[in-house]
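Residues per chain, in single letters:
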Amino acid sequence: MQVDPADGRPIFLVGFMGTGKSEVGKALASRLAWAFADTDRWVEDRAGRTVEEIFVESGEGLFRRWESRALAALSPSTRTVIATGGGLFTARAHRETIRTSGVSVWLDASLERIRKRLGRSRGRPLWRSEDPVALRAFFDRRRSVYFLADVRVDADREDPSEVAELVRRAVFH
Ligand code: S3P
């Protein structure tokens, strides 16, 4: 799917944790001279807690409700690149909002690449590097949903600005 940049409809970056959605999103926004937004940051700013704190203190359910609010607030934006949390696109209602508001781009990186990036990183409650079999199953389940995005871009490259350029070319005429 290609869109006309003059429309200014937002570009939603979707994909697994550690695929570089925020870094690529910032690089793409600066390349296009568009704004950048991040659903996790939106939630943290409004909730006054980190994503991890929300998960630990109140549970995933509350975090998902915050995510829905973030999407509702951000989806009417124009000329904006929106990085979404890795679970946001898994909800059918969220996919519908994204489909009617703009274009979805799946940053598709291999689990090996993601493992290198995230390692034992903290702050991502659903990143379970210590159980490789469960992690692989989770990754494969998620991939089958990201597959529904309008555009897929190979995000295995190291440099976010290179991936941003691939996104730009894939999305715009
Ligand atoms: C999540 C991904 C995280 C964050 C939360 C849940 C997920 O965002 O929203 O920890 O369900 O995959 P990133 O994809 O930016 O790490």
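Turning our attention to the pattern of salt bridges. Tallied over the full model, the rule gives 15 salt bridges. Salt-bridge contacts for R136 lead to E112; the nearest nitrogen and oxygen are separated by 3.1 Å. Highlighted residues: R136 in helix α7 (residues 132-146) and E112 in helix α6 (residues 111-118), separated in sequence by 24 residues. We classify R136 as partly exposed; its relative accessible area is 32%. Of the residues examined, E112 reaches a relative accessible area of 42% and is grouped as partly exposed. Between R136 and D140 there is a salt bridge, and its shortest N-O distance comes to 3.6 Å.

So, on to the sheet that holds strand β4 (residues 103-108). Whenever strands of a sheet pair, they do so through backbone hydrogen bonds, lying parallel or antiparallel. Spatially, β2-β3-β1-β4-β5 is the arrangement adopted by the 5 strands of the open sheet, whose pairing is parallel. Looking at which strands have only one partner, the edges of the open sheet turn out to be β2 (35-38) and β5 (151-154). Pairwise comparison of adjacent strand axes, ignoring direction, gives a mean angle of 25° for this sheet. Pairing of strand β1 (residues 11-14) with strand β3 (residues 80-83), which is carried by 3 bridges, proceeds in the parallel orientation. Bridging across to β3, I11 finds its partner in V81.

Thresholds, definitions, all that
Residues numbered from 1 in each chain as written. Predicted model: local features only at pLDDT ≥ 70, side-chain atom pairs only at ≥ 80, totals over all residues. Heavy atoms only, no water. Salt bridge = Lys/Arg side-chain N within 4 Å of Asp/Glu carboxyl O. Helix = DSSP H or I, 4+ residues; strand = E, 2+ residues; numbered from the N terminus. Buried < 20%, exposed > 50% of the residue type's maximum accessible area, 1.4 Å probe, protein only. Pairing = 2+ DSSP bridges. Axes fitted to C-alpha atoms, helices over the stretch in contact; angles between N-to-C directions.

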